[in-house]
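# Coordinates in review
If you want the building blocks of each chain, they are given just below.
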Amino acid sequence: MLIFLPIAITSGLDIWVWMDYRLAVLFTVVLPLFILIWAFVKKSESIQRLLITYWRVSSLLAITVYLMIAAVPISFLTSLIARILIPISLWFWVDLNEEIRELRNSPLKASLTSWRWAATFYNLIGALCQIPFLGCAFKSRNDLLEDSFCNVWLDPPWLFKQIFHPDWPQEFIGFLGFAGLIIYTIFLCYFVLVKLQKQGRSATGN
């Protein structure tokens, strides 16, 4: 009986991981893109600014997918960090929160509010669920590929590669992921060390 326990656990993880990726597409891509387009149509500048900031922060998830395609262990760390930064980006700005709160009630405002809360809970729960896999970030690439507990997270990114980048070598995709991560880190450090000191929690500056 115990012989089949690892297989059962891996199978359960596989189902959970695929469900998580589907929810990620819904909550971090489809819905915010729809609301952003809606905000441009309605010319709601405060919602536009909030969502543009969101897309900048959430780009770490796209970087993570490219790193996972190349089976880069640090992708497990960037995944956790992205899930923490996204809720922060949605509620951090005092001026945007005030402007959005003062908007008249409308389907757009209700949709944004519902999505903000849903995305916040999804990412925070996802961050907690990622903690057991944090050790995967400190394995070698070969150990990562051989560990079924860790590499179950790589299957959806590999499917993404087959659909969108079937002819791209994994090494090149990994290079793009690393390049994106370096650029992201530079901008994040600049924001924390420079912009945050000047403008505080104001999205438009003081």
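Residues numbered from 1 in each chain as written. Predicted model: local features only at pLDDT ≥ 70, side-chain atom pairs only at ≥ 80, totals over all residues. Heavy atoms only, no water.

### Some remarks on the environment of L31
Along the chain, the position of L31 falls in helix α1 (residues 5–42). Residues L31 and L176, spaced 145 residues apart in sequence, show a C-alpha to C-alpha distance of 26 Å. Leave out the neighbours within four places in its chain, and L31 touches L26 and W115. (Helix = DSSP H or I, 4+ residues; strand = E, 2+ residues; numbered from the N terminus. Contact = heavy atoms within 4.5 Å.)

### A closer look at the state of the cysteines
What the rule picks out here adds up to one disulfide. Disulfide pairing is shown between C136 and C150; the S-S distance is 2.0 Å. Its S-S torsion of about -80 degrees marks the bond between C136 and C150 as left-handed, since a negative value means left-handed. Here the residue C136 occupies a position in the loop between α5 (107–130) and α6 (141–146), and C150 occupies one in helix α7 (residues 148–151), the gap between them amounting to 14 residues. Both residues of the pair, C136 and C150, count as buried. We note that C129 lacks a disulfide partner, and the nearest cysteine sulfur, in C136, lies 14 Å from it. (Disulfide = S-S within 2.5 Å. Buried < 20%, exposed > 50% of the residue type's maximum accessible area, 1.4 Å probe, protein only.)

### Observations concerning the nonpolar core
I35, I47, L60, L112 and W115 are the most contacted members of the largest nonpolar core, which totals 27 residues. The element contributing the most residues to this core is helix α2 (residues 45–69), with nine residues. Counting 14 residues, the second largest nonpolar core, distinct from the first, contains V17, Y21, A71 and C150. (Core = buried A, V, L, I, M, F, W, Y, C linked by side-chain atoms within 4.5 Å.)

What is shown is where atoms sit, not what they do.
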